Amino acid sequence: SQQGEEDPQALSIQEGENATMNCSYKTSINNLQWYRQNSGRGLVHLILIRSNEREKHSGRLRVTLDTSKKSSSLLITASRAADTASYFCATENTNAGKSTFGDGTTLTVKP
Amino acid sequence: DTEVTQTPKHLVMGMTNKKSLKCEQHMGHRAMYWYKQKAKKPPELMFVYSYEKLSINESVPSRFSPECPNSSLLNLHLHALQPEDSALYLCASSPHPTTGTDTQYFGPGTRLTVL
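Residues numbered from 1 in each chain as written. Chains lettered and ligands numbered in written order. Predicted model: local features only at pLDDT ≥ 70, side-chain atom pairs only at ≥ 80, totals over all residues. Heavy atoms only, no water.

A. How the structure looks around the overall build of chain B. Looking only at helices and strands, one finds 0 helices and 11 strands in chain B. For chain B, the α and β elements follow one another from N to C terminus as β-β-β-β-β-β-β-β-β-β-β. For 115 residues, the compact-globule estimate of 2.2 N^0.38 gives 13 Å, and chain B sits close to it at 13 Å. The principal-axis extents of the C-alpha atoms in chain B amount to approximately 40 × 25 × 25 Å. Counting across all 115 residues of chain B, residues that qualify as buried make up 49%. (Helix = DSSP H or I, 4+ residues; strand = E, 2+ residues; numbered from the N terminus. Rg over C-alpha atoms; globule rule 2.2 N^0.38 Å. Buried < 20%, exposed > 50% of the residue type's maximum accessible area, 1.4 Å probe, protein only.)

So this is what it looks like as structure tokens:
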């Protein structure tokens, strides 16, 4: 099955709440990246975490990586209506030379 | 200049038409990518160019023909497409081919409709 499966598929929260999305993968990776996509637009890179890192922060974003469980999580704190978008994880596999995207989580933040 | 541009934004074509999608970046990136994305699905990799040479072809049908004329330009030539090829076509670039640490920079995409 597909590398990079995400859950939940859809998440709806109120503004100000935190949003957590998870990504699981199957093979060894060099790094894992999170991207955001507003409806019908291109993807925007949010954060990259390398396979030897466990946690990374960028502004309101916090990403964790557990290579033993082959999983990652993206936490968005104090969400805003403008955070409404689809969020994808992408894994760069060792020996593959390419990234594979997960199925994505659609986040709706209600004002 | 830190963006990837794609033209056209929208394209409607018949199954007998020949058209081309264009992608351009001026960030000095040496890897460029074409992805296909259907509604509510993740992007699917089609082709990768590394140093202007085709390095990955994900078993894409021959009705899609990529071309990389120089390090800044990437084209996707379309011929005899099927309605199921209707999708958002995304171009991306990254600084170094396959170093394992590269961020990909995406263009806004071309929304293709095949009638």
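B. The interface of chain A and chain B, seen in detail. In this complex, chain A contributes 22 residues to the contact, which on the side of chain B involves 20 residues. Taken together, both faces of the contact between chain A and chain B bury some 1600 Å²; the carbon and sulfur share is 54%. At the junction of chain A with chain B, the criterion picks out 0 salt bridges. At the boundary of chain A and chain B, one finds 3 residue pairs in polar contact (both at pLDDT 80 or more). Only strand 4 (29-37), strand 5 (43-50), strand 9 (85-93) and strand 10 (99-101) of chain A provide two or more residues apiece to the side of chain A that touches chain B. For the side of chain A that touches chain B, the element with the highest residue contribution is strand 4 of chain A, accounting for 5 residues. Its residues assigned to classes, the side of chain A that touches chain B shows 6 nonpolar, 11 polar and 5 charged. (Contact = heavy atoms within 4.5 Å. Buried area = accessible area lost by both parts, 1.4 Å probe. Salt bridge = Lys/Arg side-chain N within 4 Å of Asp/Glu carboxyl O. Polar contact = N/O pair within 3.5 Å; in protein donor to acceptor, adjacent residues only side chain to side chain. Nonpolar A, V, L, I, M, F, W, Y, C, P; charged D, E, K, R; others polar.)

C. Focus on the sheet that holds strand 3 (residues 18-25) of chain B. Residue and element names in this part refer to chain B. Here 4 strands make up an open sheet; going across it, the order is 1-3-8-7 and the pairing antiparallel. Pairing within the sheet leaves two strands with one partner each, and these edge strands are strand 1 (4-7) and strand 7 (64-70). Averaged over all pairs of adjacent strands, the angle between strand axes in this sheet comes to 20°, irrespective of strand direction. Here strand 1 pairs with strand 3 via 4 bridges, running antiparallel. Each residue of the ladder has a partner; that of Thr5, found in strand 3, is Glu24. (Pairing = 2+ DSSP bridges. Axes fitted to C-alpha atoms, helices over the stretch in contact; angles between N-to-C directions.)

D. Region of interest: the sheet that holds strand 3 (residues 19-24) of chain A. All names here are of chain A. Within the open sheet, the 5 strands sit side by side as 1-3-8-7-6. Their pairing is antiparallel. Where the open sheet ends on each side, the last strands, each with one partner, are strand 1 (5-7) and strand 6 (55-58). Averaged over all pairs of adjacent strands, the angle between their axes in this sheet comes to 15°, without regard to strand direction.

E. Summary view of the state of the cysteines. All names here are of chain A. For the coordinates displayed, the defined rule picks out 2 disulfides over all chains. Shown here is the disulfide that connects Cys23 with Cys89, its sulfur atoms set 2.0 Å apart. With the S-S dihedral at roughly 65°, the linkage between Cys23 and Cys89 falls on the right-handed side. Here Cys23, found in strand 3, pairs with Cys89, found in strand 9; they are 66 residues apart in sequence, far enough to count as distant. (Disulfide = S-S within 2.5 Å.)

F. Structural view of unusual backbone geometry. Cis geometry is adopted by the peptide bond preceding Pro8 of chain A, which originates at Asp7 of chain A and carries an omega value of -5°. Positive phi, normally seen in glycine, also occurs at Lys70 of chain A, with a value near 50°. For Lys70 of chain A, the location among the structural elements is in the loop between strand 7 (61-66) and strand 8 (71-76). The exposure class assigned to Lys70 of chain A is partly exposed, which follows from its relative accessible area of 28%. Non-glycine residue Ser59 of chain B carries a positive phi angle of around 55°. Tracing the chain through its elements places Ser59 of chain B in the loop between strand 6 (53-57) and strand 7. Take Ser59 of chain B: its relative accessible area is 72%, and that puts it in the exposed class.

G. The arrangement of the layout of surface pockets in detail. Its boundaries defined by the atoms lining it, the largest pocket holds a volume of some 560 Å³. Surrounding the largest pocket, 24 residues form its lining, Ser86 and Thr106 of chain A together with Ala39, Lys40 and Lys41 of chain B being those nearest its centre. For the lining of the largest pocket, the secondary structure elements donating two or more residues are strand 9 and strand 11 (105-110) of chain A. A per-element tally of the lining of the largest pocket places strand 11 of chain A first, with 4 residues. If you add up the space inside the second largest pocket, you get close to 220 Å³. Ranked by the residues each element gives to the lining of the second largest pocket, the list is headed by strand 5 of chain A, at 3 residues. Its residues assigned to classes, the lining of the second largest pocket comprises 6 nonpolar, 6 polar and 2 charged. (1 Å grid on protein atoms, 1.4 Å probe; cavity = no way out; pocket = protein on both sides within 12 Å on 5 of 7 lines; lining within 4 Å. Points joined across faces, edges and corners; volume = space filled by probe spheres on them.)

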